[in-house]
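Structural overview for review
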Amino acid sequence: MSGETCTAIVLRTIEFSETSLIVTLLTREFGRISAIAKGARRPKGPFEGSLDLLSVCRVVVIRKPHAGLDLLTEAKLHRRFRGAERSMERTNAGYHVAEMLRLLTDEHDPLPELYDLTTETLSQIDGTGNVPLALLRFDVLSLQILGSAPGMDRCTHCGGEIPPAGRLAFALDTSGLVCGTCRPKQHRIIPVRRAVAAALRTLLSGDKDADDAIDVDAKNYGELRGLISRYIQSLLGETPRMQPFLPTKMETGNDA
Ligand SMILES: [Zn+2]
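Anyway, here's the lowdown on the structure attached to this text. All values derive from a computational prediction rather than experimental measurement.

Counting secondary structure elements, the protein chain contains six helices and eight strands. Taken from the N to the C terminus, the helices and strands of the protein chain come in the order β-β-β-β-β-α-α-α-α-β-β-β-α-α. Scaling as 2.2 N^0.38, a compact globule of 256 residues should have a C-alpha radius of gyration of about 18 Å, and the protein chain matches this with 20 Å. For the protein chain, the C-alpha atoms occupy an extent of roughly 65 × 45 × 30 Å along the three principal directions.

Set out below in structure tokens:
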């Protein structure tokens, strides 16, 4: 049986036997898949030790839609994740990306845009990019690609206009801003400063050149990070394991 070739990011590996691994991959072509890689724990073989967490690989997979697991027959390393060589902050940032993709995506739902966003984010994280901003951008844009972006333009309950002045109200149950009339009906409200809402809108616009223009002073970052993290908790109904390890400040730690 001949397999199909695709590009993939390793999201998780689990030891299956003395020689085999079960891997969770985000592929550009087929979305998230789980596959067994027989012989992957042997030093020599068709996998060449390439199946490490967050490695980007070219893989050959035999798809088994009716079995639980696909079969991985080959993997060739394109790029290894080097965050761990740089700092704990960059390592944790990589783990966060892997966890988000496992929790938010469905199996066999190809989203090339999400794959490309992920490889771009990983190269910022394990290079010299700004980790707090790269993660915020990843979280917000991945939610958007998955159709779960927070609604920031009109009231997410009645569709009416958002009042032009004063503090804004973000309702977790309607996934976005609500107007003054709908606000009292909402139980889980997060007050949001206008500067923070503006920074979130800029991130949602996906305009990379705008990143520099986002007002990312310490206060805006902390509030925006908190809002997005609570929103993700609300969507998932649980707190992701890596969330407590996300950067709390805009400044990236010293990697030296
Ligand atoms: Zn309303």
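We are not done yet, so read on.
Let us now look at the packing of helix α4 (residues 131-145) against helix α5 (residues 194-204). Where α4 meets α5, the axes come as close as 9 Å, and the angle between the chain directions of the two elements is 65°. On the basis of the axis angle, α4 is roughly perpendicular to α5. Judged by the sense of rotation from one axis to the other, the crossing of α4 with α5 is right-handed. Along the contact surface, α4 presents Leu133, Leu136, Arg137, Val140, Leu141 and Gln144, while α5 presents Leu200, Leu203 and Leu204. Broken down by class, the residue content of the contact of α4 with α5 amounts to seven nonpolar, one polar and one charged.

Let us now look at the coordination of the zinc ion. In this structure, Cys155 (SG), Cys158 (SG), Cys179 (SG) and Cys182 (SG) serve as the protein donors to the zinc ion, at separations of 2.3 to 2.4 Å. Note that the zinc ion binds four donor atoms; their angles at the metal cover 105 to 115°, and the shape is tetrahedral. All donors to the zinc ion come from one chain, and their sequence spacing reads C-x2-C-x20-C-x2-C. Placement of the pair is Cys158 in the loop between α4 and β6 (168-171) and Cys182 in the loop between β7 (176-178) and β8 (189-192), with a sequence separation of 24 residues. When its relative accessible area of 2% is taken as the criterion, Cys182 is described as buried.

What follows covers unusual backbone geometry. Trans is the prevailing form of peptide bonds, just as negative phi is the prevailing case for residues other than glycine. One non-glycine residue with positive phi stands out, namely His108, at about 60°. Relative to the helices and strands, His108 resides in the loop between α2 (88-104) and α3 (112-125). Since its relative accessible area comes to 40%, His108 is described here as partly exposed. We note that Ser175 has phi near 60°; this positive angle belongs to a residue other than glycine.

Structurally, Asp139 can be placed in helix α4. For Asp139, a relative accessible area of 0% gives the class buried. Only 2.9 Å separates the side chain of Asp139 from the side chain of His96, close enough to count as a polar contact. Those residues in contact with Asp139, other than ones at most four positions away along the chain, are His96, Met100, Arg225, Ile228 and Ile232.

This brings us to the sheet that holds β7. Taking strand neighbours across the sheet as the criterion, the three strands line up as β7-β6-β8 in an open arrangement whose pairing is antiparallel. Strands at the two margins of the open sheet, each flanked by one partner only, are β7 and β8. Each strand of the sheet is rotated relative to its neighbour by a mean of 45°, with strand direction disregarded. Bridge count between β6 and β7: three bridges; the pairing is antiparallel. Note on β7: the bridge partner recorded for Ala171 is Gly176. Most of the contacts of α5 go to β8, to which it runs at about 95°, and overall it touches β6, β7 and β8.

Counted under the stated rule, the structure contains 11 salt bridges. The salt bridge involving Arg28 is made with Asp116; its shortest N-O contact spans 2.7 Å. In this pair, Arg28 is assigned in the loop between β2 (21-27) and β3 (31-37) and Asp116 in helix α3, connecting sequence segments 88 residues apart. By relative accessible area, Asp116 is classed as partly exposed at 30%. One salt bridge in this structure joins Glu223 and Arg193, with 2.8 Å as the shortest N-O distance.

Time to look at α2. Its 17 residues place the ends of α2 24 Å apart at the C-alpha level, agreeing with the 24 Å of an ideal helix rising 1.5 Å per residue. The buried fraction of α2 is high, at 13 of 17 residues.

A few words on the sheet that holds strand β4 (residues 56-62). Reading around the circumference, β1-β2-β3-β5-β4 is the order of the five strands in this closed barrel, with mixed pairing throughout. With strand direction ignored, the average angle separating the axes of adjacent strands in the sheet is 50°. One ladder, built from six bridges, connects strand β1 (residues 4-15) with β4; its direction is antiparallel. Of the residues in β4, the one forming a bridge with Thr5 is Val60.

Conventions we followed
Residues numbered from 1 in each chain as written. Predicted model: local features only at pLDDT ≥ 70, side-chain atom pairs only at ≥ 80, totals over all residues. Heavy atoms only, no water. Helix = DSSP H or I, 4+ residues; strand = E, 2+ residues; numbered from the N terminus. Rg over C-alpha atoms; globule rule 2.2 N^0.38 Å. Axes fitted to C-alpha atoms, helices over the stretch in contact; angles between N-to-C directions. Parallel < 35°, antiparallel > 145°, perpendicular 65-115°, else oblique. Left-handed = near helix turned anticlockwise from the far one by under 90°. Contact = heavy atoms within 4.5 Å. Nonpolar A, V, L, I, M, F, W, Y, C, P; charged D, E, K, R; others polar. Donors = N, O, S within 2.8 Å, 3.2 Å for Na, K, Ca; no water. Tetrahedral: all angles 85-135°; square planar, octahedral: opposite > 155°, others 65-115°. Buried < 20%, exposed > 50% of the residue type's maximum accessible area, 1.4 Å probe, protein only. Polar contact = N/O pair within 3.5 Å; in protein donor to acceptor, adjacent residues only side chain to side chain. Pairing = 2+ DSSP bridges. Salt bridge = Lys/Arg side-chain N within 4 Å of Asp/Glu carboxyl O. Expected span 1.5 Å × (residues − 1).

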